[in-house]
Amino acid sequence: MYALLLADTGLSVGQISSLFTLWSVTGVLAEVPSGAWADAHSRRAALRAGPLLTAAGFALWVWAPSYWSFAAGFALWGLGGALASGALEALVHDELARTGAVARYPAVMGRARTAETLGVVASMAAAGPLLEAGGYTLVGLVSVGACVLAAGAAHVMPEHRGPGDGPHEADGADEPDGAGASRVRPARWPAGALLLVPAVAGVWGALDEYTPLLVREAGAGDGQVSWYLLVIWAGAAAGGLLAGPAERWCGRRGLALLLVVSAASLAQGALLGAPLAVAALVGLAFAGFQLATVLADARLQRAVRGPGRATVTSVAGMGTDLAVVAAYGAYGALGASHGLTFAVLASAYAVPAAFLLLRR
């Protein structure tokens, strides 16, 4: 509801766009430093602090609405998101590795992404009734409460960073006196796996913002759009649940095939004129892309060596943010119908598919 709040406060389109830009830039600039801080200090602390910063931003919006409070809130939200990005994946991976269950990482993260998607759907369903019942104040209170619950969930997550813990000892094994725990060595970063994550996640991560326009262009009425979007996001939720089983059979060629099939489904669905067919095929494509995103992250986590796991993952997150921004720009520059634009951008997945097939 924040776009409505900004408009109802009296901000112009230009002011709203400047706030969105500030939000994106803050996240990009904070990604790598926040990941490095999480590696050097505590990933769990980063996961606790992120939602609380976001909560502070939401509180500013509701109780002191103005352009500058909105700007401060977006900056806090961007910083909060950056703190969580990278730290979550690193914490989950290393704690699973410590207990000898690292093979479960794709399944665990797949379920987490499914829960994230379902949370978005639930919040979309709740926002309208909350707004009608108590206006932006009630929406803000519930949003702050959700952030506090997220911080509480982070607080109870386990974290073992002592010198005797398995994954960290292994990470620094080739450094004298454990010196590897104090720095990140860029030369050991897996460049191919780092590039794969934004190449997989960037385009569909941007296109999801335009799915309402695509469905409406296909003939859905304004009151029906949300129902078709539920079909699309049900597909994304299902894709996350498939990550565990898929990890066992989806190697490089399997991941490349998954990207090609998903891109073909996206392009075909976008060019159809019936809203239900559009929603079904785009939902199938999003299931494949969600699955591919989790598998690409799993490949990155397997490839990381050294103590800077959260830093490396944050770099991948920054790359994804930049890829999303680039996709936004391409979408506007094409100037075609939504269906044709979706189909053209789907062709971008030929690049990571070829990369997977040709790279040793």
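Note that this is a predicted model, so its numbers are computed, not measured.

How each quantity is defined
- Residues numbered from 1 in each chain as written.
- Predicted model: local features only at pLDDT ≥ 70, side-chain atom pairs only at ≥ 80, totals over all residues.
- Heavy atoms only, no water.
- Helix = DSSP H or I, 4+ residues; strand = E, 2+ residues; numbered from the N terminus.
- Rg over C-alpha atoms; globule rule 2.2 N^0.38 Å.
- Contact = heavy atoms within 4.5 Å.
- Areas by Shrake-Rupley, 256 points an atom, 1.4 Å probe, with all protein chains shown as cover.
- Lys, Arg positive; Asp, Glu negative; His and termini not counted.
- Charge placed at Lys NZ, Arg CZ, Asp CG, Glu CD.
- Salt bridge = Lys/Arg side-chain N within 4 Å of Asp/Glu carboxyl O.
- Buried < 20%, exposed > 50% of the residue type's maximum accessible area, 1.4 Å probe, protein only.
- Core = buried A, V, L, I, M, F, W, Y, C linked by side-chain atoms within 4.5 Å.
- Axes fitted to C-alpha atoms, helices over the stretch in contact; angles between N-to-C directions.
- Parallel < 35°, antiparallel > 145°, perpendicular 65-115°, else oblique.
- Left-handed = near helix turned anticlockwise from the far one by under 90°.
- Nonpolar A, V, L, I, M, F, W, Y, C, P; charged D, E, K, R; others polar.
- pLDDT = per-residue confidence, 0-100.
- Polar contact = N/O pair within 3.5 Å; in protein donor to acceptor, adjacent residues only side chain to side chain.
- Phe/Tyr/Trp six-rings, centres within 6.5 Å; stacked < 30°, edge-to-face > 60°.

**Regarding the overall build of the protein**
Scanning the protein from N- to C-terminus turns up 16 helices and zero strands. In terms of overall dimensions, the protein is globule-like: its C-alpha atoms have a radius of gyration of 21 Å, near the 21 Å expected for 360 residues. Based on the C-alpha atoms only, the size of the protein along its principal axes is roughly 65 × 50 × 30 Å. Taking the contacts inside the protein whose residues are at least 6 apart along the sequence as the reference set, 79% of them involve residues at least 24 apart. Surface summary for the protein: the accessible area is close to 16400 Å², and the carbon and sulfur share equals 68%. On the protein, the mean spot of the 21 positive side-chain charges and the mean spot of the 22 negative ones are 10 Å from each other.

**Description of the pattern of salt bridges**
Within this structure, the stated rule accounts for six salt bridges. Of the charged contacts, one joins glutamate 89 and arginine 113 as a salt bridge, the two residues approaching to 2.9 Å between their closest N and O atoms. Placement of the pair is glutamate 89 in helix H5 (residues 87-98) and arginine 113 in helix H6 (residues 105-155), with a sequence separation of 24 residues. Judged by relative accessible area, which is 10%, glutamate 89 ranks as buried. The class of arginine 113 is partly exposed, set by a relative accessible area of 21%.

**Examining the nonpolar core**
One finds Leu255, Leu266, Phe286, Phe289, Leu300 and Phe342 to be the most contacted residues of the largest nonpolar core, which totals 60 residues. Of all the elements, helix H13 (residues 275-303) adds the most residues to this core, at 13 residues. Setting aside anything within four residues of it in sequence, one finds phenylalanine 342 in contact with Leu207, Tyr210, Thr211, Leu214, Leu266, Ala270 and Tyr331. Counting 14 residues, the second-largest nonpolar core is a separate cluster that includes Phe70, Phe74, Val144 and Cys147.

**Re the packing of helix H10 (residues 225-241) against H13**
The interhelical angle for the contact between H10 and H13, taken along N-to-C directions, is 25°, at an axis separation of 7 Å. The angle between H10 and H13 places the two elements in the roughly parallel class. In terms of crossing hand, the pair formed by H10 and H13 is right-handed. Two secondary-structure elements touch here, H10 through Tyr228, Val231, Ile232, Trp233, Gly235, Ala236, Gly239 and Gly240 and H13 through Pro275, Leu276, Ala279, Ala280, Val282, Gly283, Phe286, Ala287, Gln290 and Leu291. Residues belonging to the contact of H10 with H13 are distributed by class as follows: 13 nonpolar, five polar and no charged.

**Some points on the environment of glycine 145**
Note on placement: glycine 145 falls in helix H6. In the structure, glycine 145 is positioned 90 residues away from alanine 55 in sequence and 7.8 Å away in space, judged by C-alpha atoms.

**Some points on the side chain of histidine 93**
Examined against the element boundaries, histidine 93 turns out to sit in helix H5. Every residue in contact with histidine 93, bar those within four places of it in the chain, is listed here: Val102, Tyr105, Gln301 and Arg309.

**Description of the environment of glycine 80**
For glycine 80, the location among the structural elements is in helix H4 (residues 67-84). The class of glycine 80 is buried, set by a relative accessible area of 3%. Along the chain, glycine 80 and arginine 48 lie 32 residues apart, while their C-alpha atoms are 9.3 Å from each other. Those residues in contact with glycine 80 that lie beyond four places of it in its chain are Gly50, Leu53 and Thr54.

**Brief notes about the confidence of the model for the protein**
Averaged over the protein, the pLDDT score is 85; the fraction of residues at 70 or greater is 91%. This model gives residues 162-187 a pLDDT under 50, and the stretch forms 26 contacts once residues within four places in sequence are excluded.

**Considerations on the side chain of glutamate 89**
In this structure the side chain of glutamate 89 is engaged in a polar contact, spanning 3.0 Å, whose partner is the backbone nitrogen of glycine 86. Residues within four places of glutamate 89 in sequence aside, it is in contact with Ala84, Tyr105, Met109, Arg113, Asp297, Gln301 and Thr313.

**A closer look at the packing of aromatic side chains**
For the structure on display, the rule yields 16 aromatic pairs. Summarising the aromatic geometry, the rings of tryptophan 61 and tryptophan 77 are spaced 5.9 Å apart at their centres and angled 65° between planes, so their arrangement reads as edge-to-face. Note that tryptophan 61 is positioned in helix H3 (residues 43-63) and tryptophan 77 in helix H4, a separation of 16 residues in sequence. Relative to tyrosine 349, the ring of phenylalanine 289 lies with its centre 4.4 Å away and its plane at 20°, an arrangement referred to as stacked. Placement of the pair is phenylalanine 289 in helix H13 and tyrosine 349 in the loop between helix H15 (338-346) and helix H16 (350-358), with a sequence separation of 60 residues.

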